[in-house]
Amino acid sequence: MGYYQRAKRRVNVLRGFDGCEPTTFTRQAAVSEEVTVQSGQVISLNGSGEWILGAVDGKTPYIALSDSIDTDVKSSGLLPALSCAGRFEIETAFYNETTDLTGEDIPVIADPGVAGDVTDTPIGSAEAQVIGFTSRGGLTNLNSASGPKVEVNAVDGNIVTFTTNWQPVVTAAT
Amino acid sequence: MAKNPNTDLIEKLDPDLNRELTNSILDARNGEKMTKLAAAGEDYIRTHIRESGFMRKILPPKPISNEELDRVVEHDRPVRFEELETNHKGAVSLPFNVTSDTEFFYGPKGQIDFHTIRTPVFTKNVNELRTYHHDIQKVVTEHQLNDIETREDAAFIDLCNLIVGTVSPTGGKSGLQQHFKAGDGTNNTSEELSGGMSKEVYVEIQKKLENFRLNNGVMLMNTKTAKEFSKYDSLAIGDTMAGKMFKEGLKGMGDAVVGGVPHVYTIKDDLVADNVIFCFTEPNYLGRFYTLQDIQLFVKREDDQIKMYASEVVGAGILNVAGVVKIDLNE
């Protein structure tokens, strides 16, 4: 019955992406055997240079472009991702549903509770490694309007739109 | 001396009999001769009417060849992948010197699985067959065909009920309401569906699929529900039609089309309850029904035993889950 639908929509990059150009700030690496990565999740590199879910202090966070089970990823052994140090406007379906990310310019961090999700943080919060700021209203539902659904490949159309702008935590020397 | 059709059948058993019988039965079905078999006038007493399947009228079956099948690595069962129309954000208005957003696009896909539908293996001693005046073997054969199509219908309706879900604004598999009930306070359409199958209510029913930007393809109801049309008076349908329906019943409508939408009436009220109407969109917007092996009859004689059964291998799916809505006019 019906057709295959993902639980979460794949990432969409509204601005800044050109897959054929080296100017697009992408990086590809192997995925740690301990994790499964889905397109749109926050990932970062561990000490072995492999993708793990979530952000690591002092390490550049990335947004996964593909799933770790995608056949090209499995075949090549490499998963591509977009650097949050680059400038992209991203739609991700992986966000903390208990926080209100509705609005403009809300600082977005990697969720410390659910690895791979994004969540919000108060501006000026200590230890907050901001990865970007919400745009186009932040949390939206692509399927909320009447008429045919815009997102037909996933169960729902809920996304958070944000512009990547990594702000690493800088601790003053003592 | 009167011929005994059973004896005839026994005497002419030959290697081509299976194919011959199958073709004759399928030809009969194509000619709709098997619908409402009570009219057949055989030399025996019918106990109830039977009918051919309604699913085939809603989602016409298509033969599928081996070349059209798809394979998966997990097992060696045949499957068929179907691709669905994708959707995306619309066009935008822009000022000069800026460009539109990037949008990745993907086409949804669904999988059709295949399975067998088979009747029991009917067994009879040929000498016992000689004692029947009527062609009981033909009757059993006809029943087998109907039983297979009834099984198709039952599975189809189970699937439809699963898709339309509960009476709730988000109860359908589409994420929106696909099951409407008259007089139920939980949905915002209770008022417009109240009052039985009046002309006004019927127009509202025909709008439901249009909420999904789909056309009405076929409407399915049981024959008792369809009789409600006979209550339409001259003001609703005009003197001529009202007169014809008073005299001839539903046959007076001619082809079963109301509001431009073909209707299918079924006697299977165990599958489609009284005052329940299923609205289906057009087949190409709804799903697929493949016959890997259409209905075949197998007859085998060993010594004085005849064994026969009918079988088919089919695969079907409602891939566009928004393509069916259910209306329950029971308050």
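Scroll up a little and you will see the structure.
So, here's what we can say about the structure.

What counts, and where the lines are drawn
- Residues numbered from 1 in each chain as written.
- Chains lettered and ligands numbered in written order.
- Predicted model: local features only at pLDDT ≥ 70, side-chain atom pairs only at ≥ 80, totals over all residues.
- Heavy atoms only, no water.
- Helix = DSSP H or I, 4+ residues; strand = E, 2+ residues; numbered from the N terminus.
- Buried < 20%, exposed > 50% of the residue type's maximum accessible area, 1.4 Å probe, protein only.
- Contact = heavy atoms within 4.5 Å.
- Pairing = 2+ DSSP bridges.
- Axes fitted to C-alpha atoms, helices over the stretch in contact; angles between N-to-C directions.
- Disulfide = S-S within 2.5 Å.
- Buried area = accessible area lost by both parts, 1.4 Å probe.
- Salt bridge = Lys/Arg side-chain N within 4 Å of Asp/Glu carboxyl O.
- Core = buried A, V, L, I, M, F, W, Y, C linked by side-chain atoms within 4.5 Å.
- 1 Å grid on protein atoms, 1.4 Å probe; cavity = no way out; pocket = protein on both sides within 12 Å on 5 of 7 lines; lining within 4 Å.
- Points joined across faces, edges and corners; volume = space filled by probe spheres on them.
- Expected span 1.5 Å × (residues − 1).
- Bend = angle between axes of the 7 residues up to and from the residue.

### Structural notes on the overall build of chain B
(1) Moving on: Assigned secondary structure in chain B consists of nine helices and 13 strands.
(2) Moving on: In chain B, buried positions account for 44% of the 331 residues.
(3) Moving on: Looking at chain B alone, contacts between residues at least 24 apart form 75% of all its contacts between residues at least 6 apart.

### Some remarks on the sheet that holds strand β11 (residues 158-167) of chain A
Residue and element names in this part refer to chain A.
(1) Moving on: With antiparallel pairing, six strands are arranged side by side in an open sheet as β1-β7-β11-β10-β8-β9. The sheet is open, and its two edges are formed by β1 (12-15) and β9 (118-120), each paired on a single side. Mean inter-strand twist for the sheet, computed between neighbouring axes without regard to direction, equals 40°.

### Re the state of the cysteines
Residue and element names in this part refer to chain B.
(1) Moving on: Applying the stated criterion across every chain, the model contains zero disulfides over all chains.
(2) Moving on: You can see C160 has no disulfide; the closest cysteine sulfur is in C279, sitting 11 Å from it.
(3) Moving on: Note on C160: relative accessible area 0%, which makes it buried.

### Remarks on the interface of chain A and chain B
(1) Moving on: Contacts between the two partners involve 22 residues from chain A, matched on the other side by 26 residues from chain B.
(2) Moving on: Where chain A abuts chain B, roughly 2000 Å² becomes buried across the two surfaces, and 53% of that area is made up of carbon and sulfur atoms.
(3) Moving on: In this assembly, chain A and chain B are joined by four salt bridges.
(4) Moving on: Ionic pairing is found between K89 of chain B and E91 of chain A, a salt bridge with its closest N-O pair at 2.4 Å.

### Observations concerning the nonpolar core
All names here are of chain B.
(1) Moving on: Residues F54, I58, F156, L220, F278 and F280 are the most contacted members of the largest nonpolar core, which totals 36 residues.
(2) Moving on: Those elements giving two or more residues to this core turn out to be α3 (55-58), α4 (126-129), α5 (136-164), β7 (216-222), β10 (276-281), β11 (287-302) and β12 (305-318).
(3) Moving on: Here this core gets nine residues from one element, more than from any other, and that element is α5.
(4) Moving on: Every residue in contact with F278, bar those within four places of it in the chain, is listed here: I157, C160, N161, V218, M219, L220, V272, V324, V325 and K326.

### Observations concerning unusual backbone geometry
Residue and element names in this part refer to chain A.
(1) Moving on: Of note, D105 is a non-glycine position whose phi angle comes to about 60°, a positive value.
(2) Moving on: With respect to the helices and strands, the residue D105 is situated in the loop between β7 (89-92) and β8 (107-110).
(3) Moving on: Phi at R136 takes a positive value of approximately 50°, unusual for a residue other than glycine.

### Considerations on the pattern of salt bridges
(1) Moving on: On inspection of all chains with the given rule, the structure shows 30 salt bridges over all chains.
(2) Moving on: A salt bridge links D101 of chain B to R136 of chain A; its shortest N-O distance comes to 2.4 Å. Taken together, the residues span two chains, with D101 of chain B in the loop between β2 (79-83) and β3 (109-113) and R136 of chain A in strand β10 (residues 130-141).
(3) Moving on: In this structure R136 of chain A comes out as partly exposed when scored by relative accessible area, which is 39%.
(4) Moving on: In this structure, K224 of chain B and D269 of chain B form a salt bridge, with 2.7 Å as the shortest nitrogen-oxygen distance. In this pair, K224 of chain B sits in helix α7 (residues 223-226) while D269 of chain B sits in the loop between β9 (261-266) and β10, placing the two residues 45 residues apart along the sequence.
(5) Moving on: Exposure remark for D269 of chain B: the relative accessible area of 35% places this residue in the partly exposed category.
(6) Moving on: Among the ionic contacts, a cluster of salt bridges with common partners joins R9, E91 and E151 of chain A together with K89 and E103 of chain B.

### Structural notes on the layout of surface pockets
(1) Moving on: Reported here for the second largest pocket is a volume of approximately 920 Å³.
(2) Moving on: Together, 35 residues line the second largest pocket, and Y4, R6, R10 and D70 of chain A together with K109 of chain B are the ones closest to its centre.
(3) Moving on: Looking at which element gives the most residues to the lining of the second largest pocket, the answer is β3 of chain B, with three residues.

### What about helix α8 (residues 234-248) of chain B?
All names here are of chain B.
(1) Moving on: The end-to-end C-alpha separation of α8 is 15 Å, well short of the 21 Å expected for 15 residues at 1.5 Å each.
(2) Moving on: In the structure, α8 departs most strongly from a straight axis at T240, where the bend amounts to approximately 80°.
(3) Moving on: Where α8 ends, the next residue or the one after it, G249, has phi of about 70°, a positive value.

### Focus on the pairing of β10 of chain A
Residues and elements named next belong to chain A.
(1) Moving on: Both β8 and β10 contribute to a ladder of three bridges, which runs antiparallel. Considered in β10, the bridge of P107 is made with F133.
(2) Moving on: The pairing of β10 with β11 spans seven bridges and is classified as antiparallel. Looking at the pairing, N141 lines up with N158 of β11.

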